[in-house]
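The residues making up each chain are set out below.
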Amino acid sequence: KAGVTQTPRYLIKTRGQQVTLSCSPISGHRSVSWYQQTPGQGLQFLFEYFSETQRNKGNFPGRFSGRQFSNSRSEMNVSTLELGDSALYLCASSSAGPPLEYFGPGTRLTVL
Amino acid sequence: KNQVEQSPQSLIILEGKNCTLQCNYTVSPFSNLRWYKQDTGRGPVSLTIMTFSENTKSNGRYTATLDADTKQSSLHITASQLSDSASYICVVSLNYGGSQGNLIFGKGTKLSVKP
């Protein structure tokens, strides 16, 4: 069974630009969550999608948004990038049951 | 406030030695506690998951304990190997059902195993 895949793996952008990250969950998983990981703050929850609906949202500004498609693939968008958005963005998927998510390898975003 | 605190922040040990990582939490209502291993540049990988009624769980050389009364958990690594060098993250779930949004993360312990 293929794991969670994320593309791209690395990304360099400049301040003010926008970026879209993609996540393909494990086959059969309908829940996809996004996390931001920085050395200072550790892992922080961004949002969760389940069957194309946002089910939960963390404490991030509106510049961070996401969506989920009918095949459970998810995208995350960050607009008007700031230097502080430089981080590893992780996607995780799980089935509809208790949370036992599987993480993807992450997308390393660098904002210059 | 729901919080998960891990100690130490970093740890260096010699190959073959044992070590114990700590996780204290103030999370309510509690559902389960997980330990993850995260290699540099990679996503976290689940090591163990324990519910309220479980007080120990093993995964190979990794043994996690949970004391729900004192709200403490530990991860013991036996006979460490160079490949154990990673960050270990403690994550506590709130008891609000299956949503992944109700997770409280510790900031992790960075373990370095030296030859």
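All figures in this text were calculated on a predicted structure; none of them were measured in a lab. (Residues numbered from 1 in each chain as written. Chains lettered and ligands numbered in written order. Predicted model: local features only at pLDDT ≥ 70, side-chain atom pairs only at ≥ 80, totals over all residues. Heavy atoms only, no water.)

Concerning the confidence of the model for chain A
Note the following rule: pLDDT measures how confident the predictor is about each residue, on a scale from 0 to 100. In this description a helix means any DSSP run of H or I spanning at least four residues, a strand means any run of E spanning at least two, and both kinds are numbered starting from the N terminus.
In this model, chain A carries an average pLDDT of 91, and 95% of its residues clear a pLDDT of 70 or more. The weakest mean pLDDT in chain A belongs to strand β6 (residues 53-57) of chain A at 86; the strongest belongs to strand β3 (residues 19-24) of chain A at 98.

Observations concerning the side chain of T107(A)
Residues and elements named next belong to chain A. Using the following cut-off: Note on exposure labels: buried denotes an accessible area under 20% of the residue type's maximum, exposed denotes more than 50%, and partly exposed covers the range between, all computed with a 1.4 Å probe on protein chains only. In what follows, residue pairs with any heavy atoms lying within 4.5 Å of each other are defined as contacts.
Turning to its location among the elements, T107 is positioned in strand β11 (residues 107-111). Taking the relative accessible area as the measure of exposure, T107 reaches 0% and is therefore buried. Leaving out residues up to four positions away in the same chain, T107 has contacts with Q6, T7, P8, R9, L21, A87, L88 and Y89.

A closer look at the sheet that holds β3(A)
All names here are of chain A. What counts here: Pairs of strands are assigned from DSSP output, requiring at least two bridges between the strands. Geometry is summarised by axes, namely lines fitted to C-alpha atoms with helices restricted to the contacting stretch, and by angles between N-to-C directions that run from 0 to 180 degrees.
Strands sit in the order β1-β3-β8-β7 across an open sheet of 4 strands; the sheet is antiparallel. Two strands in the sheet have a free side with no partner beyond their single neighbour: β1 (5-7) and β7 (64-68). The sheet shows a mean angle of 20° between the axes of neighbouring strands, taken without regard to direction. Sheet topology note: the β1/β3 ladder contains 3 bridges and is antiparallel. Each residue of the ladder has a partner; that of T7, found in β3, is S22.

Quick word on the pattern of salt bridges
Oppositely charged side chains can form a pair if their charged atoms are brought close together. Residues and elements named next belong to chain A. Stated precisely, the cut-off is as follows: Salt-bridge detection follows one rule: a side-chain nitrogen of Lys or Arg within 4 Å of a carboxyl oxygen of Asp or Glu.
Counting across every chain of the model gives 7 salt bridges over all chains. Its salt-bridge partner being E75, residue R67 comes within 3.2 Å of it at the nearest N-O pair. Relative accessible area serves as the criterion here: at 47%, R67 is assigned to the partly exposed category. Accessibility expressed as a relative area gives 16% for E75, which makes it buried. Look at the salt bridges and you will find they share partners, linking R63, E82 and D85 into a network.

Some thoughts on the nonpolar core
Residue and element names in this part refer to chain B. To keep things clear, this is the line we draw: Here, nonpolar core refers to any group of buried Ala, Val, Leu, Ile, Met, Phe, Trp, Tyr and Cys residues whose side-chain atoms link them within 4.5 Å.
Counting 26 residues, the largest nonpolar core has V4, Y25, L33, W35, L75 and Y88 as its most contacted members. Sorting the residues of this core by element identifies β3 (19-26), β4 (30-38), β5 (45-51), β7 (62-67), β8 (72-77), β9 (86-94) and β11 (109-114) as the ones contributing at least two each. Here this core gets 5 residues from one element, more than from any other, and that element is β9. When sequence neighbours within four positions are dropped, the list of residues in contact with L33 reads C23, Y25, T48, I49, M50, L66, S73, C90, V91 and V92.

Observations concerning the interface of chain A and chain B
This is how the line gets drawn: When two components associate, each loses some accessible surface as probed by a 1.4 Å sphere; the sum of these losses over both components is called the buried area. Identification of polar contacts relies on pairs of N or O atoms within 3.5 Å, with a donor-acceptor requirement for protein atoms, meaning one able to donate a hydrogen and the other able to accept it, and with residues adjacent in sequence counted only if both atoms are side-chain atoms.
Every contact between the two is made by 25 residues of chain A and, on the other side, 21 residues of chain B. Both faces combined, the contact of chain A with chain B buries some 1700 Å², and carbon together with sulfur accounts for 51% of it. Summed over the shared surface of chain A and chain B, the result is 0 salt bridges. Joining chain A to chain B, the criterion identifies 2 residue pairs in polar contact (both at pLDDT 80 or more). Looking at the side of chain A that touches chain B, the elements with two or more residues in it are β4 (31-38), β5 (42-50), β6 and β9 (87-94) of chain A.

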